[in-house]
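# Report on the structure
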Amino acid sequence: MTHITRRRFNRRLSEGLLGTAILAHSPLACAMGAKEREDRSLGIALVGLGSYSTYQLAPALQDTKFCHLAGIVTGTKAKEGIWASKHNIEEKNIYNYENFDSIAENENIDIVYVVLPNSMHAEFSIRATKAGKHVICEKPMAISVGECDEIIDACKKAGVKLGIGYRLHSEPYTQEIKKYVKEKTFGEVNYIMAEAAYRSRGNPGQWRLNKSLSGGGALVNMGVYSIQSAIYGTGENPVSVTAQEFSTRPEYFKDTDETITAQFEFPGGAMGNIFTSHNASANRLYASCTNGWFTLQPASTYIPLAGETSRGPIRFPNESQQKLQMDDFASHILNGTVNRAPGEMGKRDMIIVEAIYKSIAEGNRKISLDLGKLGLV
Ligand code: NAD
């Protein structure tokens, strides 16, 4: 076996010359050995240096094992020097939105992480694939199902991996819930309730209140967490949805939805109720099962989650969710481990989002969904 450098190895991965499915069992993987695999760390470039990149992702990248902060892409010149000195980023790894495509020539960057307003996710994810980079795209994946398809197709065409920023799938409380559901620890789930909401105030000009940048209001921002909770809390995709919208501050929420509730029917017989809002605070998951119950509160924040079941409390040590998420994705690329939040999951949630808006637009009509196992991991 000839020696293969990390750089060449990653390049071959992004060229699709090596499949991660065969990688874990390949002579190459065996020849590299477990020690060498752990020593490899993929370079991440953050695109969009707003609050999530600044206060969550960049700090988490100081502790990651399989990836590190190598580059930045920003539209704000002043941020270049600040980030370069704070995070020790080389000048050649700094890009703006115009010269971003030349990142294709940069061997220090393996993964592009898109952390921009929602309407920009598709454009920058697709440009990253054309540069031969793996992609992490923040939630919601895009602002339409059509855009989700375009991102998935572009990744397939380029032979690169795609992950959605659904950090909870790497988080231990959520994994415990998924285990209860899979192993039927409390029997069958009969009812699932999921809430994700906060009260928005302040700058009425913020992009989250501007539909052309956000793609929607509370539903696309926090509602995707309730949709996610309802699905991993039952282990199934819903077969129908019926939805309602409420508006109490129309002068503030001029362009986007303020509060939405929706009911799901699941193929196994469970029913679900979700609540999302930009006008109230709520963050819970509760499942009633044939032999007990389980709950998380908070269920989707990145302050530590907390949980309880009919048999007692759930307790896990606190660790950065973003660190776990980015390491999981890097390990998926390097070691062929499972992709915990693939593009299909983001697309599935956008199909449900569109069905919820359709139900509301059509007088709260029940909308059938034919998702099969799309996005279930
Ligand atoms: P933010 O407003 O703090 O940052 C947005 C960034 O985009 C800024 O750096 C801004 O300069 C840049 N930008 C570029 N073009 C812009 C435009 N036309 N209008 C406004 N800003 C523009 O937002 P954020 O909270 O960092 O969110 C960014 C993305 O990350 C969103 O998709 C959001 O849903 C997602 N997010 C995910 C989580 C999570 O837990 N997974 C948490 C927060 C945010």
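Residues numbered from 1 in each chain as written. Predicted model: local features only at pLDDT ≥ 70, side-chain atom pairs only at ≥ 80, totals over all residues. Heavy atoms only, no water.

Further remarks concern the pairing of strand E4 (residues 111–114). Here E4 shows no split at all, with Ile-111 and Tyr-113 on one side and Val-112 and Val-114 on the other all buried. Pairing analysis gives 4 bridges linking strand E1 (residues 42–47) to E4, with the strands arranged parallel. Each residue of the ladder has a partner; that of Ile-44, found in E4, is Ile-111. For the segment spanning E4, helix H6 (residues 121–130) and strand E5 (residues 134–137), crossover handedness is right-handed. (Buried < 20%, exposed > 50% of the residue type's maximum accessible area, 1.4 Å probe, protein only. Helix = DSSP H or I, 4+ residues; strand = E, 2+ residues; numbered from the N terminus. Pairing = 2+ DSSP bridges. Right-handed = clockwise from strand over helix to strand, strands pointing away.)

Throughout the structure, instances matching the rule amount to 14 salt bridges. With a shortest N-O distance of 2.7 Å, Asp-349 and Arg-348 are connected by a salt bridge. For Arg-348, a relative accessible area of 2% translates into the label buried. Notably, a salt bridge pairs Glu-362 with Arg-365, separated by 2.6 Å at the nearest N-O pair. A network of salt bridges, in which partner residues are shared, links Asp-101, Glu-123 and Arg-127. (Salt bridge = Lys/Arg side-chain N within 4 Å of Asp/Glu carboxyl O.)

Further remarks concern the nonpolar core. Most often, soluble globular proteins have nonpolar side chains that are buried together. Counting 76 residues, the largest nonpolar core has Leu-162, Ile-227, Phe-294 and Ile-356 as its most contacted members. Broken down by element, this core gets its largest block of residues, 9 residues, from helix H10 (residues 218–232). Among residues more than four places away in sequence, those in contact with Leu-162 are Val-135, Cys-137, Met-141, Ile-151, Ile-152, Cys-155, Phe-329, Asn-339, Ala-341, Pro-342 and Gly-343. Judged by nonpolar contacts, the second largest core, of 26 residues, contains Ala-60, Trp-83, Val-115 and Ile-136. (Core = buried A, V, L, I, M, F, W, Y, C linked by side-chain atoms within 4.5 Å. Contact = heavy atoms within 4.5 Å.)

The strand order across the open sheet built from 6 strands is E3-E2-E1-E4-E5-E6, with neighbouring strands paired in parallel fashion. Each of the sheet's edge strands pairs with one partner strand only, and the pair in question is strand E3 (94–95) and strand E6 (162–164). Direction of pairing for E5 relative to E6: parallel, over a ladder of 3 bridges. Among the inter-strand pairings, Ile-136 is bridged to a residue of E6, identified as Gly-163. This element, helix H4 (residues 51–60), spans E1, strand E2 (67–73) and E4 of the sheet and lies at about 165° to E1. Along the sheet, H6 makes contact with E1, E4 and E5, crossing E5 at roughly 165°. (Axes fitted to C-alpha atoms, helices over the stretch in contact; angles between N-to-C directions.)

The subject of this paragraph is the state of the cysteines. In the structure shown here, the tally under the stated rule is 0 disulfides. Sulfur of Cys-155: no disulfide; nearest cysteine sulfur belongs to Cys-137 and is 8.9 Å away. (Disulfide = S-S within 2.5 Å.)

Paired through their backbone hydrogen bonds, the strands of a sheet run either parallel or antiparallel. Pairing within the open sheet is mixed, and its 9 strands lie in the order E14-E13-E12-E11-E7-E10-E9-E8-E15. Edge positions in the open sheet fall to strand E14 (312–314) and strand E15 (367–368), since each of these has one partner strand only. The pairing of strand E8 (residues 240–246) with E15 spans 2 bridges and is classified as antiparallel. Of the residues in E15, the one forming a bridge with Val-241 is Ile-367.

Attention shifts here to helix H7 (residues 145–158). Taking 1.5 Å of rise per residue, 14 residues should cover 20 Å, and H7 covers 20 Å from first to last C-alpha, within 8% of that figure. Among the residues of H7, those classed as buried are Val-145, Glu-147, Cys-148, Ile-151, Ile-152, Ala-154 and Cys-155. Close packing links the buried residues of H7 with H6, E6 and helix H12 (343–361). A positive backbone phi angle near 70° is found at Gly-159, which sits one or two residues after H7. (Expected span 1.5 Å × (residues − 1).)

With respect to spatial proximity, 21 residues lie near the ligand, and among them Ser-51, Asn-118, Lys-139, Arg-167 and Trp-207 are the closest. Contact distances for the ligand include 2.7 Å between an oxygen atom and a backbone N or O atom of Lys-139. For the ligand, whose accessible area on its own is 830 Å², the fraction buried by protein is 79%. Looking at the shell around the ligand residue by residue, the class counts come to 11 nonpolar, 5 polar and 5 charged. (Near = heavy atom within 4 Å. Polar contact = N/O pair within 3.5 Å; in protein donor to acceptor, adjacent residues only side chain to side chain. Areas by Shrake-Rupley, 256 points an atom, 1.4 Å probe, with all protein chains shown as cover. Nonpolar A, V, L, I, M, F, W, Y, C, P; charged D, E, K, R; others polar.)

Okay, the confidence of the model for the protein next. Averaged over every residue, the pLDDT of the protein is 92; the share at 70 or more is 90%. Across residues 1–38, where pLDDT falls below 50, the model places 60 contacts with residues more than four positions away in sequence or in other chains. (pLDDT = per-residue confidence, 0-100.)

This next bit is on the packing of aromatic side chains. Counting across every chain of the model gives 10 aromatic pairs. Arranged with centres 5.3 Å apart and planes meeting at 65°, the rings of Tyr-97 and Phe-124 form a pair that is edge-to-face. Of this pair, Tyr-97 sits in the loop between E3 and E4 while Phe-124 sits in helix H6, and the two are 27 residues apart along the sequence. Judged by relative accessible area, Tyr-97 falls into the partly exposed class, the value being 23%. Judged by relative accessible area, Phe-124 falls into the buried class, the value being 2%. Between Tyr-180 and Phe-186, the ring centres sit 5.1 Å apart and the planes meet at 85°, which makes this aromatic pair edge-to-face. Each member of the pair Tyr-180 and Phe-186 is classed as buried. Ring pairing ties together the aromatic residues Tyr-97, Phe-100 and Phe-124, which thus form one cluster. Above the plane of the ring of Phe-124 lies Arg-127, whose end atom (NZ or CZ) is 4.9 Å from the centre. (Phe/Tyr/Trp six-rings, centres within 6.5 Å; stacked < 30°, edge-to-face > 60°. Lys NZ or Arg CZ within 6 Å of the ring centre and 35° of its normal.)

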